[in-house]
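Inside the fold
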Amino acid sequence: MRKLILGFYVSLDGKSADGDNGIRDVMMSIDDPEQERYFVDRLWEAGAFLMGRNTYEIMAGYWPNADHPSAKAMNEIPKVVFSRTLKSADDWPETRIASGDTAAEIAKLKAEPGKDLVAAGGTRFVHSLIKLGVVDEYRLWVLPAVTGKGAALFPELDEAVKLRLVKSTAFPSGILELVYTPAGK
């Protein structure tokens, strides 16, 4: 059974890297070749990238023609877009659409053979995965910045979710990779 890994960049105060709070600019301004190599190596561990429609539209407009170190992985690894309105995903190779119930679609993907699934980007999509309880691992990339505004990574939940730290990696730039699993899994 494949795991669903949630990969997400956040500020020190736990705000997401949405375009409206400046943290994306901080993320793009950091020059850390060691972290970049490590990040790209981690990308290649994915059997598929999962995302919502908004993230797909942004990424499909960027990655196919990008010369960024992550571009090869982003373009070659299969992608699954969760959307009930998107009719075609032909803009980005190796992309298919999942339009059914999110939990059922995730269960089908987890049951397929292959490497783990990595969900990325889009606070609304990420919040839906967290609320559904389908995340098996949280891979948080904590940036050395505080925003004071923006969407929190975790949505309001009916009950607390206990997490267990399984790995931490610090990089010269101050970026931290923190890997957690739900304590009950």
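Residues numbered from 1 in each chain as written. Predicted model: local features only at pLDDT ≥ 70, side-chain atom pairs only at ≥ 80, totals over all residues. Heavy atoms only, no water.

**Some details on the sheet that holds strand β8 (residues 176-182)**
Hydrogen bonds between backbone groups are what pair the strands of a sheet, and the pairing can be parallel or antiparallel. Sheet architecture is open: eight strands sit in the order β4-β3-β2-β5-β1-β6-β8-β7, paired in mixed fashion. The sheet is open, and its two borders are formed by β4 (95-98) and β7 (163-170), each paired with just one other strand. For this sheet the average axis-to-axis angle between neighbouring strands, irrespective of direction, equals 25°. Sheet topology places β7 next to β8; seven bridges connect them, and they run antiparallel. Bridging from a neighbouring strand, Arg 164 pairs with Thr 181 of β8. Taken strand by strand, helix α3 (residues 53-60) contacts β2 (48-52), β3 (79-82), β4 and β5 (117-120), and its axis lies near 115° from that of β2. Packed on one face of the sheet, helix α5 (residues 102-111) meets β1 (4-10), β2, β3, β4 and β5 and runs near 165° to β3. (Pairing = 2+ DSSP bridges. Helix = DSSP H or I, 4+ residues; strand = E, 2+ residues; numbered from the N terminus. Axes fitted to C-alpha atoms, helices over the stretch in contact; angles between N-to-C directions. Contact = heavy atoms within 4.5 Å.)

**A short note on helix α6 (residues 123-132)**
What sets the pattern is the α-helix's 3.6 residues per turn: residues three or four places apart point alike. All of the buried residues in α6 are Thr 123, Phe 125, Val 126, His 127, Leu 129 and Ile 130. Of the residues flanking the end of α6, it is Gly 133, one or two places downstream, whose phi is positive at about 70°. (Buried < 20%, exposed > 50% of the residue type's maximum accessible area, 1.4 Å probe, protein only.)

**Topic: unusual backbone geometry**
You will see that Glu 94, though not glycine, has its phi angle at about 65°, which is positive. Inspection of the secondary structure assignment puts Glu 94 in the loop between β3 and β4.

**Let's talk about the environment of Met 59**
Topologically, Met 59 is positioned in helix α3. Considered as a pair, Met 59 and Asn 75 are 16 residues apart in the sequence and their alpha carbons are 9.9 Å apart. Each residue touching Met 59, except ones within four places of it in the same chain, is listed here: Met 51, Pro 64, Met 74 and Trp 92.

**A look at the pairing of β8**
Counting buried positions along β8 yields five of seven residues, so the element is predominantly enclosed. Sheet topology note: the strand β6 (residues 137-142)/β8 ladder contains five bridges and is antiparallel. Its bridge partner lying in β8, Tyr 138 is registered against Tyr 180. Hairpin connection of β7 to β8: five residues between the antiparallel strands, including Gly 174 at a positive phi of 100°.

**Structural notes on the pairing of β6**
Counting buried residues in β6 gives six out of six residues, a clear majority hidden from the surface. Taking every second residue as pointing to the same face, both faces of β6 are buried, with Glu 137, Arg 139 and Trp 141 on one and Tyr 138, Leu 140 and Val 142 on the other.

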